[in-house]
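Report on the structure
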Amino acid sequence: MDKDVCEEKVYKSIFSEHAEKVRNFIYYKSGSLALAENMVQEAFIKLWENCAKVDFTKARSYLYSVANNLFLNQVNHKKVVLKFEKNNPKVSEVPSPQFLLEEQEFGKRLEAAINALPEDQKVVFLMNRIDKKKYREIADELNLSVKAVEKRMHKALSELRKVHKKV
Amino acid sequence: MDNKDTLYARMLSGDLSQKEVDELKASGEWEEIEKIIDFSDNLSLPAYDKKSAFDNLNASLNKKTKASVRKLNPVWVVGIAASLILLIGFFLFLPGGQYSFSAEYATVMEHYLQDNSKVIINDGSRINYKSKNWARNRTVQLTGEAFFEVEKGSPFVVETDKGKVEVLGTSFNVRSWGEALAVECYTGKVQVTAGDQKVVLTPGLMVKMKDGENPETATFEHTIPHWQNEVSRFADEPLQSVLEELERQYNVQVDVVKTDKRFTGSFTHTSLETALDQICKPFGLDFEITPEKIRIY
């Protein structure tokens with residue numbers, strides 16, 4: 001038996017599983033957390049209002065397309081600059097200051113390069129790297145084939161690889 | 001199988017053959033990509049407060065339920081109607097998995113098809129396509145003008161009311177306004193059919209056909225369509241269709257006595273006054289801009 005989205009428990013479980021990832025998705029496109037969080041709320045209101053019409057298995061891709069449409073309707077489509085937080089990578093030895101400095105430099109250049117990616121590549125890249133999603137999931141959410149997602153990912157990585165050459 | 005265009009993506013997902021792994025390692029690419037993967041693995045975003053977000057959501061859902069008992073306030077109705085119209089401006093879902101996308105006057109819209117092929121739709125133009133069986137049947141109906149970047153795959157067909165354009169994987173511009181169909185090929189190979197005329201284009205070649213007859217081919221050197229550089233260019237076209245293009249670009253109305261003058265040149269998309277200068281000066285014409293319309297005399 002399929003779960004019923006109109007049931008509060010089911011609805012809440014969808015929220016706790018997907019709300020953050022939908023927020024991140026809009027953040028990648030807009031560069032504004034406040035806007036992204038607003039749109040998550042709007043998208044979930046829409047889901048509730050249409051809960052009888054949306055199949056449980058389709059709820060996820062429904063959320064992404066509603067959020068995306070809401071975003072497209074924002075008239076100001078400005079250049080976005082994303083800010084990330086960095087988790088400390090685990091290291092076994094204490095690295096030399098020289099090494100640390102170089103790593104820091106590399107990180108900065110990589111972030112700038114991520115920001116400079118075309119939106120379609122940036123979104124796919126970050127959905128995989130930050131949200132740890134598989135290509136299949138991204139494909140479902142963006143209504144693309146897995147191959148198309150892989151192509152975008154490959155293009156993104158080829159572009160980012162240039163960071164190595166600008167030393 | 002040629003899967004070079006997904007190589008790094010498959011490296012990340014651990015989906016490579018041994019041969020591909022060896023090649024990447026030998027060329028040094030492996031190490032470079034690995035470092036990007038490791039670095040980006042540690043990126044994250046500020047935490048999301050799920051609990052308070054859900055409470056907020058709940059609160060606004062409750063408010064909505066209560067509000068729906070009251071009469072809809074007229075300002076709201078206008079708001080809803082306006083937002084509906086806005087949505088329709090972007091796309092329409094039609095029965096049978098059909099999509100319709102259009103760019104409103106004075107806007108350009110970028111759209112990705114399922115296979116990652118890109119379409120940039122010039123203003124006032126529209127595309128329609130069916131998403132069902134897209135991989136096998138890549139057919140787009142175009143009204144107006146659009147630029148295509150097509151991924152490799154089955155034949156990609158653009159149908160206009162003046163003829164059709166068929167390609168494999170390439171980028172090209174189709175312009176189907178006024179009396180002529182004009183196609184510019186940027187990469188790959190393009191076949192244009194109108195009536196019983198067939199022309200094959202290679203990069204840097206363009207063709208103009210009037211009423212499916214007398215194809216005129218010419219060479220060009222620009223690497224993206226002029227309209228994407230915010231100019232429109234014309235070679236010996238009726239002044240009438242130049243002014244129609246101006247109307248679309250600036251979303252204005254132009255009043256002019258019927259004329260059979262022909263125009264060669266360009267106008268900018270960034271300043272209406274300069275654009276009018278560019279069009280009118282060569283003919284010794286004057287213009288007047290009023291809030292309602294533009295008069296040329």
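Residues numbered from 1 in each chain as written. Chains lettered and ligands numbered in written order. Predicted model: local features only at pLDDT ≥ 70, side-chain atom pairs only at ≥ 80, totals over all residues. Heavy atoms only, no water.

Now for the overall build of chain B. Helix and strand content of chain B: seven helices and 20 strands. A total of 297 residues make up chain B; the buried ones form 43% of that total. Long-range contacts, defined here as pairs at least 24 residues apart, represent 36% of the contacts in chain B between residues at least 6 apart. Here chain B displays about 16,400 Å² of accessible surface, and carbon together with sulfur accounts for 52% of that area. (Helix = DSSP H or I, 4+ residues; strand = E, 2+ residues; numbered from the N terminus. Buried < 20%, exposed > 50% of the residue type's maximum accessible area, 1.4 Å probe, protein only. Contact = heavy atoms within 4.5 Å. Areas by Shrake-Rupley, 256 points an atom, 1.4 Å probe, with all protein chains shown as cover.)

With that settled, the discussion passes to the interface of chain B and chain A. The interface is formed by 47 residues belonging to chain B together with 57 residues belonging to chain A. On inspection of chain B and its partner chain A, the count reaches eight salt bridges. Across the salt bridge formed by A:Lys155 and B:Glu151, the nearest N and O atoms sit 3.6 Å from each other. Here chain B is connected to chain A by 19 residue pairs in polar contact (both at pLDDT 80 or more). (Salt bridge = Lys/Arg side-chain N within 4 Å of Asp/Glu carboxyl O. Polar contact = N/O pair within 3.5 Å; in protein donor to acceptor, adjacent residues only side chain to side chain.)

So, on to the pattern of salt bridges. Scanning the model with the defined rule gives 28 salt bridges over all chains in all. A salt bridge links A:Arg60 to A:Asp140, with the shortest nitrogen-to-oxygen separation between them at 3.3 Å. Of this pair, A:Arg60 sits in helix H3 (residues 59-72) while A:Asp140 sits in helix H6 (residues 135-142), placing them 80 residues apart in sequence. The salt bridge partner of B:Asp41 is A:Arg129, with a shortest N-O separation of 3.1 Å. Of the two residues, B:Asp41 is situated in helix H3 (residues 29-41) and A:Arg129 in helix H5 (residues 119-129); the pairing between them involves two chains. With a relative accessible area of 5%, A:Arg129 lands in the buried category. A network of salt bridges, in which partner residues are shared, links A:Arg60, A:Lys133, A:Arg136, A:Asp140 and A:Glu141.

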